[in-house]
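One letter stands for each residue in the lines below.
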Amino acid sequence: MNQQNSRDKKKVQAKPGVLSLLLGGATKVDRSKKANEEKANRQKKARRAAKDVLRYIGYDAMYKDGIAQVEEGLFSQTIEFSDISYQSARKENQENVFTVLSSLYNYFGADTCFQLTIANIPIPEREIGKRVFFENGDDATARYVDEYNRILNDKMREGFSNLERHRYLTYMVSADDVDGAVPKLSRVKGDCIQTLQRVRCQARSLDGEERLRALQSQLRPKSEFAFSWDKLSHSSKLRTKDLIAPMMIDFKPEGRADAFRVDDAYCQVLLIKSFGSVLEDYYIANIIDLPIPLSVNIHAQPLAQSDALALVKSQLDWMDKEIIDEQRTAVRKGYDYTILPPELRYSKEEAEELLDFLRNKNEKLFHYTGLVYTYASSLDELDRQVEQIISVAQGNSLGIEPLFLQQREAFNSVLPLGINHVDVFRHLTTGQIAMQMPFASQELNQPGGGYYGQSKQSGNLVICDRGLLASPMGFVCGKPGSGKSFSVKREITNTILAHPGDEVIIFDPAGEYGNLISALGGANIRLAPGTDTILNPFDTSAVSDRSDATKLAYKTDAILALSSALMAEGSEGLPENDRSIITRCVGLAYDQGAAEDRLPTLEDFHSILASQPEAEARDIALRYERYVHGAFSFFNGQSNVGFENRITNIDMHELGQNMKVFGMLTALEMVRNRVMVTPPRDVVTWLYIDEVQSLFGHPTIVDYFARLWREGRKFGLICTGISQNTSHMLLNANARDMVINSDFFLLHKQGPADLEAWTEMLDLSTAERGFIDESIKAGEGLLVAGGIRVPIKDDFPKGELFRLFDTKPAAIAERSVLEGSKGGTS
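Here the structure is a predicted model, which means the values were calculated and not measured.

Calculation notes
Residues numbered from 1 in each chain as written. Predicted model: local features only at pLDDT ≥ 70, side-chain atom pairs only at ≥ 80, totals over all residues. Heavy atoms only, no water. Helix = DSSP H or I, 4+ residues; strand = E, 2+ residues; numbered from the N terminus. Buried < 20%, exposed > 50% of the residue type's maximum accessible area, 1.4 Å probe, protein only. Contact = heavy atoms within 4.5 Å. Areas by Shrake-Rupley, 256 points an atom, 1.4 Å probe, with all protein chains shown as cover. Pairing = 2+ DSSP bridges. Axes fitted to C-alpha atoms, helices over the stretch in contact; angles between N-to-C directions. pLDDT = per-residue confidence, 0-100. Salt bridge = Lys/Arg side-chain N within 4 Å of Asp/Glu carboxyl O. Parallel < 35°, antiparallel > 145°, perpendicular 65-115°, else oblique. Nonpolar A, V, L, I, M, F, W, Y, C, P; charged D, E, K, R; others polar. Core = buried A, V, L, I, M, F, W, Y, C linked by side-chain atoms within 4.5 Å.

A tally of regular secondary structure across the protein gives 28 helices and 24 strands. The proportion of buried residues among the 826 residues of the protein is 57%. Nonlocal contacts in the protein, meaning residues at least 24 apart in sequence, comprise 77% of its contacts between residues at least 6 apart. Of the roughly 33900 Å² that the protein leaves accessible, carbon and sulfur atoms contribute 49%.

Dropping the structure here:
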């Protein structure tokens, strides 16, 4: 759809004039238009007249690839698409979503139709309160697994997490047989998925088993899905229907004509009959957000453009006749014939406007049927749910009514098969259908992921698997006391428990993570004066399989970054003379080490620098002197520590600021040597860098760090930068590129300058700004994971895990006293 249509989207909403004629009263389908419509209607009648459940269910065959033969000559396919952040997005982003959905619906021609389904599916009762979020691993983590599972199961009951939301787009084409349908459906699938991706909405087609699961969730809402293709055979004569069909359907339970019973569930389908004077984009979302099992279904059949134009012109002709009749009557009675009844005048203007939209603004006209389906354990509970739906609809100017004596047809119409059995429709334009947004409150629940809090909007658990993101790199940012460190410790624990094959490395400049790592069975490496720990910046043991030239290039980059960290003069970076001297001396150091069959050390490098003829070389040597001799010489010698333990914390809290940067860069180089190998290791490495803003003081350091951020994900490296103040960091172009190339952000309370910086970088809306401004409590914030944005809260209950995660000074002091009394160390 063109940009003009986006700007005019309010104009294409439902209005009381001509659209009351086109959209108002229910209209019977003209079955005599086409021969295939007559054939389809005969098949629909056969479904309605079916005396057994299997003949009644609205499809003939389901294939393993997910294609269903709905009727003879009609085939459908279903894609499931993800949620996106729409309701809280900026206006221009919402208009872009509207434009993309309009183009998606306009894609379908008069020979196709589609069904949009948004379903709230209950989690099986056997799983509520008993879900296993993390499996038991080693002895060190077993007790934490049990506590974490208990906490998350308790939190499930606080929200609406006994419901899972699915969004399906089902489209149908005609073909002589399934072989003829395959290329048609494949083309539609590819185009639909590509269109949805324009708004960062992930979509995929369902295979046969997944479609059957979706069908059974509506056919037998309280039953367990136990389908298997192995159960079908020529000898058993079983069909897919036999394995998903209910045992009984009663379309007159207790004499009711507006409900039906399926096994032990009472069900009802409601009709979206009318719209208010203005159609808003949150109408459907408010119904979807109800904490009850339901599904909203939109059936749309495009009219050929010639038929649509003829329909509107016929309405205009009828209104012209009405106007002439009114004028004749006025003249006969002596009235002013130019004064017309307001409704007729407005209807004429709107009909002309609609004609303009169809001719000039890429709008189509559709046969539209909107249905809402819900079910419960008893008729009383069902009536309460229906009352909730109707009440919410009325508050949004939607007219929703029961379908009396048509529940048999309606039940087949809410199955995600793509065919509408209800012979009631109205005409809506592309824009009016696109305004019925399928996106409600944002949810994030990825199986196998970690816990990040609860949605502030629904109370549901927020479960995210960063490994599924296009770029899993990310940042956790917030003011001191905002819950930032608590969140990072929680994610580290998520990672260790959810991904037992992955390794975790933490750069800990404040000494906050030692107790957690010790409790989880990890290793703490302490860098401080007086320790026997040695990290050699020239160590290449992890890249020994690479060519000498490659190793030298890697180490030269690292030493340049280290040298930049030692500079006291601002942010201009290393002068070109210094860079040349350092590059030369790094090569000489490796030559000297190779001659003695060993790796060079910082002392070798220092000596070579001091022997160079340039005065600049002696200045550089002077900067390194304190790292070669004296209390800070734990960077001089051969490395005696590594990452043998899958959980490693490098504690640098006893170092000064420049020394911390030097230590982090040295350790970072060890990580890069370990991870970035060819072929890549079959291990994912999670790297957490606290106080990451301290690494951005010099351009050379930023260049080095940005390269690691950019290239590391190819080698299974997931980096997380943790920062208190980001506005200064984001002034750097490379730092901004790192943010642009990241898909994960956990933002807590931000100061005014940082809030403005993140608003610009992430294009935050006013609502999203409110989730991270200074009004929120500790632990609250905004989680951004790819195209999903969820406002979070986290009232984590006190217990062993809470004590490990808590970073308040009083809690740390209390923990230190307890550990001292037990003879423990961190």
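Here aspartate 263, not a glycine, exhibits a phi torsion of approximately 50°, which is positive. Mapped onto the fold, aspartate 263 is located in the loop between strand 8 (260-262) and strand 9 (265-275). On the basis of relative accessibility, which here comes to 19%, the residue aspartate 263 falls in the buried class. Positive phi, normally seen in glycine, also occurs at aspartate 597, with a value near 55°. Along the chain, aspartate 597 falls in the loop between helix 19 (576-595) and helix 20 (602-610).

Okay, the sheet that holds strand 20 (residues 685-689) next. Spatial ordering of the open sheet is given by 15-14-24-23-22-16-21-20-17-19-18, a layout of eleven strands whose pairing is mixed. Across the chains shown, the open sheet's two edge strands, defined by having one partner strand only, are strand 15 (461-464) and strand 18 (523-526). Strand after strand, the sheet turns through a mean of 25° between neighbouring axes, direction not considered. In terms of strand pairing, strand 16 (residues 474-477) meets strand 21 (residues 717-723) through four bridges, oriented parallel.

Okay, the confidence of the model for the protein next. Any residue range with low pLDDT should be treated as having predicted coordinates unsuitable for detailed reading. Looking at the protein, the pLDDT average stands at 84 and 89% of residues meet or exceed 70. Every residue in residues 1-33 scores below 50 in pLDDT, and together they form 97 contacts with partners more than four places removed in sequence or on other chains. Low pLDDT, under 50, characterises residues 821-826; the predicted model gives this stretch seven contacts beyond four residues in sequence or across chains.

Before going further, it helps to examine the pattern of salt bridges. Taken as a whole and judged by the stated rule, the model has 35 salt bridges. Among the ionic pairs, aspartate 52 bridges to arginine 55, the shortest N-O distance being 2.5 Å. Looking at aspartate 52, the relative accessible area reads 27%, which means it is partly exposed. The partner of arginine 256 in a salt bridge is aspartate 383, with the nearest N and O atoms 2.9 Å apart. Here the residue arginine 256 occupies a position in the loop between strand 7 (249-250) and strand 8, and aspartate 383 occupies one in helix 13 (residues 379-395), the gap between them amounting to 127 residues. Taking relative accessible area as the criterion, aspartate 383 reaches 30% and is therefore assigned partly exposed. Sharing partners across several salt bridges, the network here consists of Arg47, Asp60 and Glu71.

For a regular strand, the rule is simple: side chains alternate between the two faces of the sheet. By the criterion of burial, strand 9 is predominantly enclosed, with nine of the eleven residues buried. Of the pairings in the sheet, the one linking strand 8 to strand 9 comprises three bridges and is antiparallel in character. The residue bridging arginine 261 from the neighbouring strand is tyrosine 266, located in strand 9. Counting the residues in the hairpin turn of strand 8 and strand 9 gives two residues, including aspartate 263, whose phi is positive at 50°. Alignment of strand 9 against strand 11 (residues 365-376), held across seven bridges, turns out to be antiparallel.

As a further point, take the packing of helix 18 (residues 548-566) against helix 21 (residues 615-628). The geometry of helix 18 relative to helix 21 is characterised by a closest axis approach of 10 Å and an angle of 95° between their N-to-C directions. Here helix 18 is positioned roughly perpendicular relative to helix 21, judged by the angle of their axes. Of the residues in helix 21, those in contact with Ile559, Leu562, Ser563 and Leu566 of helix 18 are Arg623, Tyr624 and Tyr627. Across the contact of helix 18 with helix 21, the residue classes tally to five nonpolar, one polar and one charged.

What follows is about the nonpolar core. Formed by 83 residues in total, the largest nonpolar core has its most connected members in Phe507, Phe605, Tyr624, Leu695 and Trp758. Filtering out sequence-adjacent residues up to four positions away, phenylalanine 507 remains in contact with Ile650, Met652, Met664, Ala667, Leu668, Val671, Leu687, Tyr688, Ile689 and Asp690. Formed by 66 residues, the second largest nonpolar core is a distinct cluster that contains Phe114, Ile193, Tyr283 and Ile292.

The next thing to look at is the environment of isoleucine 788. By the element assignment, isoleucine 788 lies in strand 24 (residues 788-793). Along the chain, isoleucine 788 and aspartate 83 lie 705 residues apart, while their C-alpha atoms are 7.0 Å from each other. If near-sequence neighbours (up to four positions away) are discounted, isoleucine 788 is found in contact with Asp83, Gln442, Glu443, Leu444 and Leu783.

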